[in-house]
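Residue-level structure breakdown
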Amino acid sequence: MNFRIGQGYDVHRLTEGRKLILGGVNVPFHMGLLGHSDADVLVHAIMDAICGAAGLGDIGRNFPDTDDKYKGISSLKLLEETCLRLAAGGWQIANIDATLIAQQPKIAAYIEEMGNNIAIALKLQPAQVNIKATTEEGLGFTGTGEGMAAQAICLICKG
């Protein structure tokens, strides 16, 4: 078998007047993430990890924020398209491990649903998707509540 690993990272600024979408879940919060699509920072990091593992560049190259067809789009739809591009190269996902970095809101109650949404979009078993969250104890832009970040690692295999 042939294995490859990819790492993804994304960050978005928090702003008033937008829904907070994380892992395809509308999380109740007084602010949302600013971005061209729904700005789902968690899904974006996962997409970058998949693209990196498969040598597909990054999400900006695949789904540019200068293209109006992606304006306001659900990041889960972009994740599904990323999965199709991965499969076209003969690759399949073995597992994903992702971490959301945010001071607020607390998301423990939503992690299972996020993982399930991501697994469905990628046609995986829920056990193949691990989602975690952490704070930065008040430090940096995520700690002060200016934004959120996410990191992800994806292992893919062929053969």
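Residues numbered from 1 in each chain as written. Predicted model: local features only at pLDDT ≥ 70, side-chain atom pairs only at ≥ 80, totals over all residues. Heavy atoms only, no water.

**As for the overall build of the chain**
- Secondary structure assignment for the chain yields 5 helices and 7 strands.
- Taken from N to C terminus, the helices and strands of the chain fall in the order β-β-β-β-α-α-α-β-α-β-α-β.
- For 159 residues, the compact-globule estimate of 2.2 N^0.38 gives 15 Å, and the chain sits close to it at 15 Å.
- On the principal axes, the C-alpha backbone points of the chain span a range of 45 × 35 × 25 Å.
- When each of the 159 residues of the chain is scored for burial, the buried share is 46%. (Helix = DSSP H or I, 4+ residues; strand = E, 2+ residues; numbered from the N terminus. Rg over C-alpha atoms; globule rule 2.2 N^0.38 Å. Buried < 20%, exposed > 50% of the residue type's maximum accessible area, 1.4 Å probe, protein only.)

**Remarks on the packing of helix α1 (residues 41-54) against helix α4 (residues 111-122)**
- α4 packs onto α1 with a crossing angle of 40° between their chain directions and a minimal axis gap of 12 Å. In terms of orientation, α1 and α4 fall into the oblique class. Considering only the axes of α1 and α4, their crossing is right-handed. Of the residues in α4, those in contact with Leu42, Val43, Ile46 and Ile50 of α1 are Met114, Ile118 and Leu122. (Axes fitted to C-alpha atoms, helices over the stretch in contact; angles between N-to-C directions. Parallel < 35°, antiparallel > 145°, perpendicular 65-115°, else oblique. Left-handed = near helix turned anticlockwise from the far one by under 90°. Contact = heavy atoms within 4.5 Å.)

**Here's the deal with the nonpolar core**
- Ranked by size, the top nonpolar core spans 47 residues in total, and within it Leu22, Ile46, Ile50, Leu79, Ile93, Ile118 and Leu122 carry the most contacts.
- Put simply, the parts of the chain that give this core at least two residues each are β2 (20-22), β3 (25-27), α1, α3 (75-88), β5 (92-101), α4, β6 (129-134) and β7 (147-158).
- The element that contributes the greatest number of residues to this core is α1, accounting for 10 residues.
- Excluding residues that lie within four positions of it along the chain, Ile93 makes contacts with Ile50, Leu86, Leu122, Leu124, Gln128, Cys154, Leu155 and Ile156. (Core = buried A, V, L, I, M, F, W, Y, C linked by side-chain atoms within 4.5 Å.)

**A look at the sheet that holds β6**
- If you trace the 5 strands from one edge of the open sheet to the other, you get β4-β1-β7-β5-β6, paired in mixed fashion. The open sheet terminates on both sides in strands that have one partner only, identified here as β4 (32-33) and β6.
- The pairing of strand β1 (residues 2-15) with β4 spans 2 bridges and is classified as antiparallel. When the sheet's bridge partners are listed, Thr15 is paired in β4 with Gly32. (Pairing = 2+ DSSP bridges.)

**Quick look at unusual backbone geometry**
- Omega for the peptide link from Gln104 to Pro105 comes to -10°, which places this bond in the cis form.
- Among the structural elements, Pro105 can be located in the loop between β5 and α4.
- The phi dihedral of Ala39 is positive, around 65°, even though this residue is not glycine.
- Tracing the chain through its elements places Ala39 in the loop between β4 and α1.
- With a relative accessible area of 0%, Ala39 lands in the buried category.
- Within the chain, Lys123 stands out as a residue other than glycine whose phi angle is a positive 55°.
- Position of Lys123 among the secondary structure elements: in the loop between α4 and β6.
- On the basis of relative accessibility, which here comes to 70%, the residue Lys123 falls in the exposed class.

**Overview of the packing of aromatic side chains**
- Using the criterion set out here, one finds 1 aromatic pair in the structure.
- Measuring from ring centre to ring centre gives 5.4 Å for Phe63 and Tyr70, while their planes differ by 90°; the resulting arrangement is edge-to-face. The same class applies to Phe63 and to Tyr70, which are both buried. (Phe/Tyr/Trp six-rings, centres within 6.5 Å; stacked < 30°, edge-to-face > 60°.)

**Section: the pairing of β6**
- Bridge count for β5 against β6 is 6 bridges, and the pairing is parallel. When the sheet's bridge partners are listed, Leu100 is paired in β6 with Ala133.
- You can see the chain leave β5, run along α4 and come back into β6, and the turn it takes is right-handed. (Right-handed = clockwise from strand over helix to strand, strands pointing away.)

Note that all results are geometric; they support no functional claim without further evidence.
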